[in-house]
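Read off the chains here:
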Amino acid sequence: MKYPLLAFTALCATLASPAAAETIALVGGTVVDLAGKAPIRDAVVVIEDERIQAIGPRASTSVPSGARVIPMKGRWLIPGLMNMHVHLALNLPGASRIYNETPDSMVLRSLDNAQKSLHSGVTTIRLTGSDAGVDFTLKRAIDSGMFDGPRIHTAGSSIVATGGHGKTEVNGPAEFSRAVREQVRAGATWIKLGISGGISDTHGDIGASPFTDAELTTAIEVAHRNGVKVTGHTGSPIASEVAIDAGIDAFEHGYFLTPPVLKKMKQKGVWFIPTIVVSQSGAREFYRKIGSPPWYLDRVDSVGKAHIQSLRDAIAAGVSIALGTDQYPFEPNEGTTATVREAEIYVDAGMTPAQALRAATIEPARMLGVDNEVGVLKPGYYADIVALDADPTADIAALRTIGFVMKGGKVIRDDRQR
């Protein structure tokens, strides 16, 4: 089964060639400042060879001769959105579940979903559990330039104790050590550990803590010795406390995070990726579409109230939060996309619009360690840019008006040019 994916990767490397550099000037828009400073109005953003070369007011920032000018009057420019919990080959229980799917089919589905994600305004994603090495193949294909798609950071296959919430099942410190090394060798830039049960499990308690302390500590130590960060799927306060003490870098979901755990997360600098949309009412549209069985919907309902309270408490405690959805970034959710709805719920739970915007841009970049390349609009950074019809720092719902998407200086979408 590996050979078609290897051939696909080789083809990408062979056929892809760098595009000729084009100078582009985005003229007349308002550039939002994520540091809380005044926006740059009637701005000029000069882009060349994937990166921003200059940015400032039109009165003092010249448009280079021969540049392709794209009018931005009436638009607000922000960095490309970032979604830190994505499964591009999502395959949940339900009537539409795909059984015995081959890697070839999986990578094609993933590519289609990656391109839809980019079109929706999400220019960077972090994959938090994939199968058959499909994520690594897809990343190489996009990085080669053959296909458009978001920038990908990936955790490879999630690692769990036998019977746990994830794909790579192992037991004992030695097996966990080997499993971590295998994912790092394959190209994982994160390691994901399923340290508690999950909503989609057909068995067990979501708040269960199946790892032994030695297994958890060993997995985190080995990852860190290889220069790779670790995140934990968690619905368990007990497992979360042990993981914090062991040096984990982030938590996904956090359905039942308690104030004492959140306080420790704040003290230790542990990131929180809430994925709040999956347990709230807006996800029902998606669950109906895929034909989710009653037992699955019951498990969703069982965590919804606790999950939103965990988010409120995390915001109040000042925990570092990076946006992630666990739905496709583009998935419809209460009249918008899952990514935008996630940010809106952050405001409902206590963030300011500016804080929610940061949680979707510069904060994920900081968490990934790429905040010197993406997450803000400034010279030297990749030209990953989204344009809106209103100011998102005044009302986060402005994200619903995305009509222009650029990644690395390439225009992916411009609704005005239709």
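Residues numbered from 1 in each chain as written. Predicted model: local features only at pLDDT ≥ 70, side-chain atom pairs only at ≥ 80, totals over all residues. Heavy atoms only, no water.

**Details of helix α4 (residues 172-186)**
In an α-helix, one turn spans 3.6 residues; hence positions three or four apart end up facing the same way.
Move 1: Over its 15 residues, α4 runs 22 Å from end to end, which matches the ideal 21 Å to within 8%, given 1.5 Å per residue.
Move 2: Among all positions of α4, only F176, S177, A179, V180, Q183 and V184 are buried. Here the buried residues of α4 occupy an arc of 165 degrees about the axis, which is enough to place them on one side. Residues of α4 that are exposed and point over 90 degrees away from its buried face: A174, R178 and R185.
Move 3: At its buried positions, α4 is contacted by α3 (134-143), β9 (159-161), β10 (168-170), β11 (190-194) and α5 (213-225).
Move 4: Of the residues one or two after α4, G187 is the one with positive phi, at around 120 degrees. (Helix = DSSP H or I, 4+ residues; strand = E, 2+ residues; numbered from the N terminus. Expected span 1.5 Å × (residues − 1). Buried < 20%, exposed > 50% of the residue type's maximum accessible area, 1.4 Å probe, protein only. Arc of directions from axis to C-beta. Contact = heavy atoms within 4.5 Å.)

**Here's the deal with the packing of α5 against helix α6 (residues 237-246)**
Move 1: The N-to-C vectors of α5 and α6 enclose an angle of 40 degrees; their axes lie 9 Å apart at closest approach. By the angle between their directions, the pair α5 and α6 is classed as oblique. For the crossing formed where α5 meets α6, the hand is right-handed. Of α6, the residues touching α5 (which contributes D213, L216, T217 and I220) are A239, V242, A243 and A246.
Move 2: Grouping the amino acids of the contact of α5 with α6 by side-chain chemistry returns six nonpolar, one polar and one charged. (Axes fitted to C-alpha atoms, helices over the stretch in contact; angles between N-to-C directions. Parallel < 35°, antiparallel > 145°, perpendicular 65-115°, else oblique. Left-handed = near helix turned anticlockwise from the far one by under 90°. Nonpolar A, V, L, I, M, F, W, Y, C, P; charged D, E, K, R; others polar.)

**What to know about α6**
Move 1: Turning to α6, its buried residues number three or more, namely A239, S240, A243 and I244. For α6, the angular spread of the buried residues around the axis is 135 degrees, confining them to a single face. Opposite the buried face of α6, by more than 90 degrees, sit the exposed residues I238 and D245.
Move 2: Next to the buried residues of α6 lie α5, β12 (229-234), β13 (250-253) and α7 (259-268).
Move 3: Of the residues flanking the end of α6, it is G247, one or two places downstream, whose phi is positive at about 100 degrees.

**Let's talk about the pattern of salt bridges**
Think of it this way: side chains of opposite charge can pair up when their charged atoms draw near.
Move 1: Summed over the entire model, instances satisfying the criterion amount to 23 salt bridges.
Move 2: Note that R68 and E22 form a salt bridge whose closest N and O atoms lie 3.7 Å from each other. You can see R68 sitting in strand β4 (residues 68-71) and its partner E22 sitting in the loop between α1 (2-15) and β1 (23-31), a full 46 residues away along the chain.
Move 3: Classification of R68 as partly exposed rests on a relative accessible area of 40%.
Move 4: Notably, a salt bridge pairs R284 with D301, separated by 2.5 Å at the nearest N-O pair. Here D301 lies in helix α9 (residues 294-317) and R284 lies in helix α8 (residues 284-290), a separation of 17 residues in the sequence.
Move 5: R284 sits in the partly exposed class, given a relative accessible area of 26%.
Move 6: A relative accessible area of 46% places D301 in the partly exposed class.
Move 7: Counted as one network, the salt bridges with shared partners bring together E334, R341, E344, D348 and R400. (Salt bridge = Lys/Arg side-chain N within 4 Å of Asp/Glu carboxyl O.)

**Observations concerning the pairing of strand β8 (residues 151-154)**
Move 1: The alternating pattern of β8 places R151 and H153 and I152 and T154 on opposite faces, both of which are buried.
Move 2: Sheet topology note: the strand β7 (residues 122-127)/β8 ladder contains four bridges and is parallel. If you follow R126 over to β8, its bridge partner there is H153.
Move 3: Where the polypeptide runs from β7 across α3 and back to β8, its parallel neighbour, the crossover connection is right-handed. (Pairing = 2+ DSSP bridges. Right-handed = clockwise from strand over helix to strand, strands pointing away.)

**Focus: the sheet that holds β7**
Move 1: Strand order in the open sheet formed by three strands is β6-β7-β8, and the pairing between neighbours is parallel. Each of the sheet's edge strands pairs with one partner strand only, and the pair in question is β6 (81-86) and β8. Averaged over all pairs of adjacent strands, the angle between their axes in this sheet comes to 20 degrees, without regard to strand direction.
Move 2: By the bridge criterion, four bridges tie β6 to β7 in an arrangement that is parallel. Residue pairing in the sheet places M82 in a bridge with T124 of β7.
Move 3: Against the sheet, α3 touches β7 and β8, its axis set at about 155 degrees to β8.

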